[in-house]
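# Geometric and topological summary
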Amino acid sequence: MRTSEPQSTKLLIVSLQQDFIFLRDISKSALLPAPKNLSSHSHGSPSRDPGLSHRLQVKTDTSGTQLCPPSSNSKGRAVPTTSAMAGITIRRFEEDDKETVKEIFTMGMSEHVPSSFMHLLKQPLTQMILMVTFCALLASSRSVLLPVVGVTLLLAGAKQLVGYLFNSYIDTSLRKDLDHIQETYLENKDSCFWVAESDGRVVGSVACLPAEREPGCMELKRLSVRRTHRGMGIAKALSRTVADFSRERGFPAVVLYTSVVQTDAQRLYENVGYTRVREFVIPEPIAKITNFTLIEYKLDLLQAGK
């Protein structure tokens, strides 16, 4: 034991020296001046984070108008920000991004299966079915085991049903537009699709096009950020990119639709200036039975620009 003590002491001293060097480097980098001439897109957007322009860069032309058509360089990519905080760039979608965008969207939607299952369990009709099943099996078998097994099977089936419904929605979304992003969003001057890129890797996406349900308004769609990059302001920057793009093209408002279980998305939209317009049940029969509702949000660009 005595021979190991000097070796342990040496290791402790080396560790402390490394920690000191690490802290010294951090203190030096904190004193460096912030980089200048960073790109921002402040067109009167509501609730803009004053420090966001130091972390995120949006591709613009020389007049300050956001670009959706391909840029003039060889790959159409924006030059990454030189900020040391997080080199994140928002740029126009490219065909090579398609599979990553679909993956981010699919993973993001799949995250809502547990919360949707809990929403289903909170519905009075679901609770009544579970209670009636339990009591009927208990009365017929006079054993607790059979009712417990029966209710457990019902719960498992309900969870499988929720997963199936989300998978069906994902497949429908892929067929409707995400398999055809170029044709759907990039061949019209009033629509566009952007991605957020971090260190050469796509970590988020958003799109917009003229709204079908609200003529004269723009609709925000397909906003999604990879879980590992949330909490960095990327979703806010993407939503403001849509607002700026819509304002520059003369649209008076942006609308969007999100579900009752997407509480994080609801807070995000309200934080960047959207107001809740209405809540309505999806017309599909299963949605009516489970009381699965959509929420419509609206951003008044005329009011926000004042």
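Conventions adopted
- Residues numbered from 1 in each chain as written.
- Predicted model: local features only at pLDDT ≥ 70, side-chain atom pairs only at ≥ 80, totals over all residues.
- Heavy atoms only, no water.
- Helix = DSSP H or I, 4+ residues; strand = E, 2+ residues; numbered from the N terminus.
- Contact = heavy atoms within 4.5 Å.
- Areas by Shrake-Rupley, 256 points an atom, 1.4 Å probe, with all protein chains shown as cover.
- Buried < 20%, exposed > 50% of the residue type's maximum accessible area, 1.4 Å probe, protein only.
- Polar contact = N/O pair within 3.5 Å; in protein donor to acceptor, adjacent residues only side chain to side chain.
- Salt bridge = Lys/Arg side-chain N within 4 Å of Asp/Glu carboxyl O.
- Axes fitted to C-alpha atoms, helices over the stretch in contact; angles between N-to-C directions.
- Parallel < 35°, antiparallel > 145°, perpendicular 65-115°, else oblique.
- Left-handed = near helix turned anticlockwise from the far one by under 90°.
- Nonpolar A, V, L, I, M, F, W, Y, C, P; charged D, E, K, R; others polar.
- Phe/Tyr/Trp six-rings, centres within 6.5 Å; stacked < 30°, edge-to-face > 60°.
- pLDDT = per-residue confidence, 0-100.
- Expected span 1.5 Å × (residues − 1).
- Pairing = 2+ DSSP bridges.
- Patch = residues over 30% accessible without salt bridge, like charges linked within 9 Å, V, L, I, M, F, W, Y side chains within 5 Å.

Okay, the overall build of the chain next. On a plain count of helices and strands, the chain comes out with ten helices and eight strands. Contacts spanning at least 24 positions in sequence make up 63% of the contacts within the chain whose residues lie at least 6 apart. Put simply, the chain shows about 17700 Å² of open surface, and 59% of that area lies on carbon and sulfur atoms.

The subject of this paragraph is the side chain of Lys98. With respect to the helices and strands, the residue Lys98 is situated in helix 2 (residues 98-110). By relative accessible area, Lys98 is classed as buried at 17%. Side-chain polar atoms of Lys98 contact the side chain of Glu95, separated by 3.0 Å. Sequence-distant contacts of Lys98, defined by excluding residues within four places in its chain, comprise Phe93, Leu178 and Asp179.

Our next topic: the pattern of salt bridges. Throughout the structure, instances matching the rule amount to 18 salt bridges. One salt bridge connects Glu94 with Arg91, and the closest N-O pair in it is separated by 3.9 Å. As a salt-bridge pair, Lys102 and Asp179 come within 2.8 Å of each other at their nearest N and O atoms. Pair noted here: Lys102 is in helix 2 and Asp179 is in the loop between helix 5 (145-178) and helix 6 (181-185), with a separation of 77 residues, a long-range link. Residue Lys102 is classed as buried on the basis of its relative accessible area, which comes to 15%. One salt-bridge network, held together by shared partners, links Arg91, Glu94, Asp97 and Glu197.

The next subject is the packing of helix 4 (residues 124-141) against helix 5. Taken N-terminus to C-terminus, the directions of helix 4 and helix 5 make an angle of 150°; their axes are 8 Å apart at the nearest point. One finds that helix 4 runs roughly antiparallel with respect to helix 5. The crossing of helix 4 and helix 5 is right-handed. Each of Leu130, Thr133, Phe134, Leu137, Leu138 and Ser141 in helix 4 lies in contact with helix 5, whose residues at this interface are Leu146, Pro147, Val148, Gly150, Val151, Leu154 and Leu155. Looking at side-chain class alone, the contact of helix 4 with helix 5 contains ten nonpolar, three polar and no charged residues.

Moving on: the packing of aromatic side chains. When we look at a pair of aromatic rings, we describe it by the centre distance and by the angle of the planes. Under the counting rule described, the total for this entry stands at seven aromatic pairs. The interplanar angle of 80° and the centroid separation of 5.1 Å between the aromatic rings of Trp194 and Phe245 together place this pair among those described as edge-to-face. Of this pair, Trp194 sits in strand 3 (residues 192-198) while Phe245 sits in helix 7 (residues 234-248), and the two are 51 residues apart along the sequence. Overall, Trp194 belongs to the buried group, its relative accessible area being 1%. Owing to a relative accessible area of 0%, Phe245 belongs among the buried residues under this scheme. Residues Tyr269 and Tyr274 carry aromatic rings whose centres are separated by 5.8 Å and whose planes lie at 65° to one another, so their mutual orientation is edge-to-face.

Another point: the confidence of the model for the chain. When pLDDT is averaged along the chain, the result is 78, and 71% of the positions lie at 70 or above. Predicted confidence for residues 60-65 stays below pLDDT 50, and this span has eight contacts to residues more than four positions away or in other chains.

Moving on: helix 5. Because an α-helix packs 3.6 residues into every turn, residues spaced three or four apart end up facing the same way. Across its 34 residues, helix 5 extends 47 Å between first and last C-alpha, which sits within 8% of the 50 Å expected from 1.5 Å per residue. Of all the positions in helix 5, only Pro147, Gly150, Val151, Ala158, Val162, Gly163, Phe166, Ile170, Ser173, Leu174, Asp177 and Leu178 are classed as buried. Where helix 5 is buried, its residues contact helix 2, helix 3 (113-121), helix 4, helix 6, strand 3 and strand 5 (218-225).

A few words on the pairing of strand 3. Of all seven residues in strand 3, seven are buried, a share of seventy percent or more. Because side chains alternate across strand 3, one face comprises the buried residues Cys192, Trp194, Ala196 and Ser198, and the other comprises Phe193, Val195 and Glu197, equally buried. Bridge analysis of strand 2 (residues 88-92) against strand 3 gives five bridges, and the strand direction is antiparallel. Each bridged residue has a counterpart across the sheet, and for Thr89 the counterpart in strand 3 is Glu197. Hairpin connection, strand 3 to strand 4 (residues 201-210): the antiparallel pair is bridged by two residues, and Asp199 has positive phi, about 55°.

Okay, a nonpolar patch on the surface next. A cluster of nonpolar side chains, contributed by Leu125, Met128, Ile129, Val132, Leu154, Leu161, Tyr164, Leu165, Ile286 and Ile289, occupies part of the molecular surface with about 880 Å² of accessible area. Secondary structure elements with two or more residues in the nonpolar patch: helix 4, helix 5 and helix 9 (285-290). Mapped onto the elements of the fold, Tyr164 is located in helix 5.

Structurally, the position occupied by Glu296 is in strand 8 (residues 293-300). Since its relative accessible area comes to 1%, Glu296 is described here as buried. In this structure the C-alpha to C-alpha distance between Glu296 and Tyr274, which are 22 residues apart in sequence, comes to 9.6 Å. With residues up to four places along the chain from it excluded, the contact list for Glu296 reads Glu214, Val255, Leu256, Tyr257, Thr275, Arg276, Val277, Arg278 and Phe280. Polar contacts involving the side chain of Glu296 include one to the side chain of Arg278, which spans 2.6 Å.

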